[in-house]
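For reference, the chains in residue letters:
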Amino acid sequence: MTSAPSSEGASTPEESYAETTPLGLRGDIDETPVKPAPKRARKGKAEGQWALGYREPLNKNEQSKKDDNPLNVRARIENIYAHRGFDSIDPADLRGRFRWMGLYTQRAEGFPGTDTGHVEEEELDASYFMLRVRVDGGALTTEQLRVIGEISQTFARDTADITDRENVQLHWIRVEDVPEIWRRLEAVNLSTTEACGDCPRVVLGSPVAGISADEVIDGTPAITEIVERFIGDRSLSNLPRKFKTAISGQQDVAHEVNDVSFVGVVHPEHGPGFDIHVGGGLSTNPKLAVRLGAWVPLEEVPDVWHAVVQTFRDYGYRRLRTRARIKFLIADWGPERFRQVMEDEYLHRKLIDGPAPEAIAGTIDHVGIHDQTDGRKFVGVAPPAGRTSGSTLVGVAKAAEDVGSTRVRLTPYQKLLVLDVAEDRVETLTNALDHLGLPARPSVFRRATMACTGLEFCKLAFVDTKNRAGDLVGELEKLCADVAGDLHDPISIHLNGCPNSCARVQVADIGLKGQIVNDADGNPAAGFQVHLGGGLGLDSGFGRKLRGHKVLSDDLGPYVERLVRAFVENRAEGERFAQW
Ligand code: SF4
């Protein structure tokens, strides 16, 4: 079948790709000093670790990144492909380097999941793209939101999904339109650079940074500096695999499942700062991040982040894509050795030991109407499984501006917030959002349901997820109307279209992993493997995957209803689903 929806690409400073690209375009020269290769070691060769001197590519993705820095693809898109069209695109760019500019080929129509058994990747490629707009910290102005919405209306058939990494994804993008889209995005300081690929992806941040009474510290300055200094930096554009970062003064960014996270904590001597976690990630080998046991003040976060990324770049495994994420290095080394190598070889100083933040119970999704520290309010709404449209985003921008707000936020739970609303304008705003189909007081089911892209657009999917999730919410609102009020904490329901876990299936109360199952007549049909009782925070752990615990997509509503009723009837006082 197809390869994982990951990344390929980027060459590094050390490589002499600088002269010309495979297509004859001149690339930039990166003059970062080359790290001397230490003594050879068999393990290093087996895993292709650069720091141990092994630079020969061990798979085609590594070869592609060595052949040409993926960031060079931007020039080819602007100068060649946008003029000559989809069929002119070099395959190594199309399925590899385009990702560094936020572009994935979209699944062709007419390939339902049940029929894709032995289809080659090329057959699944539509001549359209998904374009991911990175929204670092989840922070947008209303002007930026309007520009994204208008781009969607003009170039993306009015599609716009809010992802669980605070990005916006547009679909049906033609390569011919990409330069104009970039021009419009960059005019309002937005970017698609390194939104995908083996590089530092969008930096998650608290959607309420700077306005929340619950945060230990505002991480926004660190996010801003990391983006300005390091996104598009060619010395970091060829990592072994994608690299996900989260920085928040409170526990609202799923920090346990990021490659590196900085979580707000108060040091008894030094005051507010951040606790570092590394090595989290889900997919087919899920791992929760582990603490390095170090405390970092706000102003040092970018340098420490840089040291972590460099350690991963040089010591990360590059033989198998399936073992390349930093979580595998951390699992082999342990946090103590990782911290020591990072301190000794990259940071060149010791970090301060620090305490762990106290884990919280439940999920902070910021949905509803809440107080800000400055006396104003913020309003959080729940688009169904993150699905909106360009028209809706334009409408939200106008609704926010009509009540005097210029700031909106996206969340890692596929939600959308309007900040800075005077108390006497809240009702005006919530009425306007209601008209856009975005109630500020959604049902518990709408609030806690997430879904990945799924069969509609993703080439790796087996089943539909977005539309199924939206329908499921409607079904549960009817089927469970009499018990919804008894759910003190919403039960999280996450739908994935395949085992890759883009919607964090293993850490949901009810995780649904898309696959083809047999229906009652033994015929293949869309369905889900069920994971039960996963969670983050105080409930950190992966859901139980019971053998044979699978459900047909068509039967999902009644199945979840039975689970919800059983929980409500049998739980102990105060018990959460993950504890049940
Ligand atoms: Fe695609 Fe969903 Fe699988 Fe991610 S989890 S690769 S979006 S089907």
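For the structure itself, look to the data block above.
Described below are features of the structure shown in this document. (Residues numbered from 1 in each chain as written. Predicted model: local features only at pLDDT ≥ 70, side-chain atom pairs only at ≥ 80, totals over all residues. Heavy atoms only, no water.)

Glancing now at helix α16 (residues 556–570). An α-helical turn contains 3.6 residues, so a residue and the one three or four places further along point in the same direction. Counted at 1.5 Å a residue, the expected span for α16 with its 15 residues is 21 Å, and the 21 Å between its end C-alpha atoms agrees. Among the residues making up α16, those that are buried are Leu556, Gly557, Tyr559, Val560, Glu561, Leu563, Val564, Phe567 and Val568. In this structure, the buried side of α16 is in contact with α14 (444–447), α15 (466–479), β18 (493–496), β19 (510–518), β20 (524–532) and β21 (544–552). (Helix = DSSP H or I, 4+ residues; strand = E, 2+ residues; numbered from the N terminus. Expected span 1.5 Å × (residues − 1). Buried < 20%, exposed > 50% of the residue type's maximum accessible area, 1.4 Å probe, protein only. Contact = heavy atoms within 4.5 Å.)

Another point: the packing of α15 against α16. For the pair α15 and α16, interaxial distance at closest approach is 9 Å and the crossing angle is 50 degrees. When the interaxial angle is binned, α15 and α16 end up oblique. Considering the relative orientation of α15 and α16, their crossing is right-handed. In this structure, α15 uses Arg468, Leu472, Glu475, Leu476 and Leu479 to contact α16, whose residues at the interface are Leu556, Gly557, Pro558, Val560, Glu561 and Arg565. In the contact of α15 with α16, the residues fall into six nonpolar, one polar and four charged. (Axes fitted to C-alpha atoms, helices over the stretch in contact; angles between N-to-C directions. Parallel < 35°, antiparallel > 145°, perpendicular 65-115°, else oblique. Left-handed = near helix turned anticlockwise from the far one by under 90°. Nonpolar A, V, L, I, M, F, W, Y, C, P; charged D, E, K, R; others polar.)

The mixed open sheet is built from five strands, whose spatial order is β17-β18-β19-β20-β21. Lying at the two open borders of the sheet, with one neighbouring strand each, are β17 (449–451) and β21. The sheet shows a mean angle of 30 degrees between the axes of neighbouring strands, direction not considered. The sheet contact formed by β20 and β21 spans five bridges and is antiparallel. If you follow Gly527 over to β21, its bridge partner there is Leu552. With respect to the sheet, α15 is in contact with β17 and β18, its orientation differing from that of β18 by roughly 150 degrees. (Pairing = 2+ DSSP bridges.)

Looking now at unusual backbone geometry. Look at Asp420: it is not a glycine, yet its phi comes out positive at around 65 degrees. Structurally, the position occupied by Asp420 is in strand β16 (residues 416–421).

We now examine the pattern of salt bridges. Inspection of every chain in the model, using the stated rule, returns 41 salt bridges. A salt bridge links Asp365 to Arg447; its shortest N-O distance comes to 2.8 Å. One end of the pair, Asp365, is in the loop between β11 (352–353) and β12 (368–371); the other, Arg447, is in helix α14, with 82 residues separating them in the sequence. Owing to a relative accessible area of 28%, Arg447 belongs among the partly exposed residues under this scheme. Asp482 serves as the salt-bridge partner of Arg565, at 2.9 Å between the closest nitrogen and oxygen. Taken together, the residues span a long stretch of sequence, with Arg565 in helix α16 and Asp482 in the loop between α15 and β18 at a distance of 83 residues. Connected through salt bridges with shared partners, the residues Glu62, Lys65, Asp198, Arg318 and Arg321 form a single ionic network. (Salt bridge = Lys/Arg side-chain N within 4 Å of Asp/Glu carboxyl O.)

What follows concerns the pairing of strand β7 (residues 243–248). Burial of β7 is extensive: six of the six residues sit out of reach of the surface. Examined bridge by bridge, strand β6 (residues 200–205) and β7 share four bridges and lie parallel to one another. Bridge pairing in β7 links Leu204 to Ala246. Handedness of the β6-helix α8 (residues 220–230)-β7 crossover: left-handed. The sheet contact formed by β7 and strand β8 (residues 260–267) spans four bridges and is parallel. (Right-handed = clockwise from strand over helix to strand, strands pointing away.)

Once that is clear, we can look at the sheet that holds strand β15 (residues 407–410). One open sheet accounts for five strands, arranged β3-β15-β16-β13-β12; its pairing is antiparallel. Every interior strand has two partners, whereas the edge strands, β3 (139–141) and β12, have only one. Strand-to-strand, the axes of this sheet are offset by a mean angle of 25 degrees, without reference to chain direction. Both β12 and strand β13 (residues 377–381) contribute to a ladder of four bridges, which runs antiparallel. By the bridge assignment for β13, His370 is matched with Phe378.

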